[in-house]
Amino acid sequence: MRVPFSPPRMDKKMADAVVDTLYSGWITTGPKTRKLEEELTKYTGGKATVCLNSATAGLELALRWFGVKEGDEVILPAYTYCATANVVMHCGATPVLVDVKGDFNIDVSKIEAAITSRTKVIMPVDIAGMPIDYDELHSMLAKSDVRAKFAPHSIEQEKLGRIMVLADAAHSIGATYKRKNSGTLADISSFSFHAVKNLPTAEGGAVIINLPEQFDSLAVQKQFKVKSLHGQSKDALEKTKAGGWRYDITEPGYKCNMTDINAALGLVELERYDSDMLVKRKSIFDKYNALLSKYEWANIPVYKTDDKQSSFHIYMLRINNATEEQRDRIIDKISAEKVAVNVHFQPIPLLSAYKGFGFNMEDYPVAWKNYEQEISLPVFYDISDEQIGWVIDALVSAVEEVM
Ligand SMILES: *Cc1c(COP(=O)(O)O)cnc(C)c1O
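Definitions and cut-offs
Residues numbered from 1 in each chain as written. Predicted model: local features only at pLDDT ≥ 70, side-chain atom pairs only at ≥ 80, totals over all residues. Heavy atoms only, no water. Helix = DSSP H or I, 4+ residues; strand = E, 2+ residues; numbered from the N terminus. Contact = heavy atoms within 4.5 Å. Near = heavy atom within 4 Å. Polar contact = N/O pair within 3.5 Å; in protein donor to acceptor, adjacent residues only side chain to side chain. Areas by Shrake-Rupley, 256 points an atom, 1.4 Å probe, with all protein chains shown as cover. Nonpolar A, V, L, I, M, F, W, Y, C, P; charged D, E, K, R; others polar. Axes fitted to C-alpha atoms, helices over the stretch in contact; angles between N-to-C directions. Left-handed = near helix turned anticlockwise from the far one by under 90°. Core = buried A, V, L, I, M, F, W, Y, C linked by side-chain atoms within 4.5 Å. Buried < 20%, exposed > 50% of the residue type's maximum accessible area, 1.4 Å probe, protein only. Domains from an automatic or database assignment.

Q: Hey, could you run me through the environment of Glu-39 in this one?
A: When you line up the elements, Glu-39 lands in helix H2 (residues 31-44). Separated by 10 residues in the primary sequence, Glu-39 and Thr-49 place their C-alpha atoms 9.0 Å from one another. Other than its neighbours up to four places away in sequence, Glu-39 contacts Leu-267 and Leu-270.

Structure follows, in structure tokens:
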């Protein structure tokens, strides 16, 4: 038996949606993308949505929209995918890393000490789909001495009057925190619809705008759309209408719009997301937890608390007391049984691109410990009970041999 890590669910409904779009006469950004934006706004309860070609593009557009540039600092967890840090680099700003907690999420109590007069944005990451401690974060940012440090240098920064919270919500569509949906927990949140994520459109992402009332959300949505399409005052659909040829370029924008082919997939998946995909993923997590809870070496993930419910994106297991070398050997043995597992994530200070910036892994001891013990197990819509059993057998014998 073979168990892949996370192939996307693909069925006739999705194939039909794509084929319909191909023959509809409109394949790039158009009515389906607009519809997906409306549906995501409804689904999250956010104020406005902009669909893009990735979560990364959403994060970068948000930083650029806020005016983040050289000399600015952006705080993010040491434990995340590189995208969170890369977008800060693209803007010429400095990523400032904060250690995480035993639940893999940023340690909010350590953020205040990292704030300086150069801090413009905090980018929390809802790792594996579990929301961070948003109330603690927002109350810390509301403190008068923290607000007093904020030194705005753009119109948007003036208007917000404090550090912006930009959630890397790549994992957390469908997650909740104190009954509020991911997408409404930060000023701006960015979802990923990449092929391995919970709601795949092949490639894709969306920003949910949830700024305070001094902002006109629809105007901000328009700004994001213009930025995502070369700074063009009209989108392709408007431009193509008879007589609609004239447009302006209002800024040297980017090119990261979503196509209607991707949006067609997103519409199918979003409609059945809560009733089908999330239910299925939770049942897989429940099965893994039930099978693993009897092993003392298994540090099984928490994906529901009184305040939080995960989107069940990644099943992040840890092997208690494993060293990095032991964990790697366990993975080799599991792989020999044709089970694909992964490690989420190699902390930012371990990556070659970031080593030169003076980050030191020893400064983030919890991130290191989480990393060296972590193994992510396969989770995908079509995984069978037999496959789940096979994964557990491969894992248990590997751990028993190595530890
Ligand atoms: C996948 C991922 C991203 C990037 O998503 P894309 O849609 O591929 O740009 C960003 N952050 C985290 C934590 C991710 O896992």
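This is not the end of the story, as more comes after the structure.
Q: Can you help me understand the site of the ligand in this one?
A: Residues in close proximity to the ligand total 15 residues, the closest being Thr-56, Asp-168, His-171, Ser-192 and Lys-197. Thr-56 places a side-chain nitrogen or oxygen 2.4 Å from an oxygen atom of the ligand. Here an oxygen atom of the ligand and a side-chain polar atom of Lys-197 are 3.3 Å apart. Relative to its unbound accessible surface of 380 Å², the ligand loses 92% to contact with the protein. The class makeup of the residues in the shell around the ligand is six nonpolar, seven polar and two charged.

Q: Teacher, can you tell me more about the packing of H2 against helix H10 (residues 260-271) here?
A: Relative orientation and spacing of two packed helices are given, respectively, by the angle between their axes and the distance between those axes. At a minimum axis distance of 8 Å, the contact between H2 and H10 shows a crossing angle of 35°. You can see that H2 and H10 cross each other, and the crossing is left-handed. Two secondary-structure elements touch here, H2 through Pro-31, Lys-32, Thr-33, Lys-35, Leu-36, Glu-39, Leu-40 and Tyr-43 and H10 through Asp-260, Ala-263, Ala-264, Gly-266, Leu-267 and Leu-270. Grouping the constituent residues of the contact of H2 with H10 by class yields eight nonpolar, two polar and four charged.

Q: Is there a simple way to explain the nonpolar core in this structure?
A: Within soluble globular proteins, side chains that are nonpolar generally end up buried alongside one another. Counting 73 residues, the largest nonpolar core has Leu-63, Ile-111, Met-123 and Phe-224 as its most contacted members. Among the domains, domain 1 (12-271) and domain 2 (274-402) are the pair contributing at least three residues each to this core. Every residue in contact with Met-123, bar those within four places of it in the chain, is listed here: Leu-59, Leu-63, Val-74, Ile-75, Leu-76, Pro-77, Thr-84, Val-87, Val-88 and Leu-166. Counting residues in each nonpolar core, the second largest holds 50 residues, with Ala-206, Met-258, Phe-380 and Val-402 among its members.

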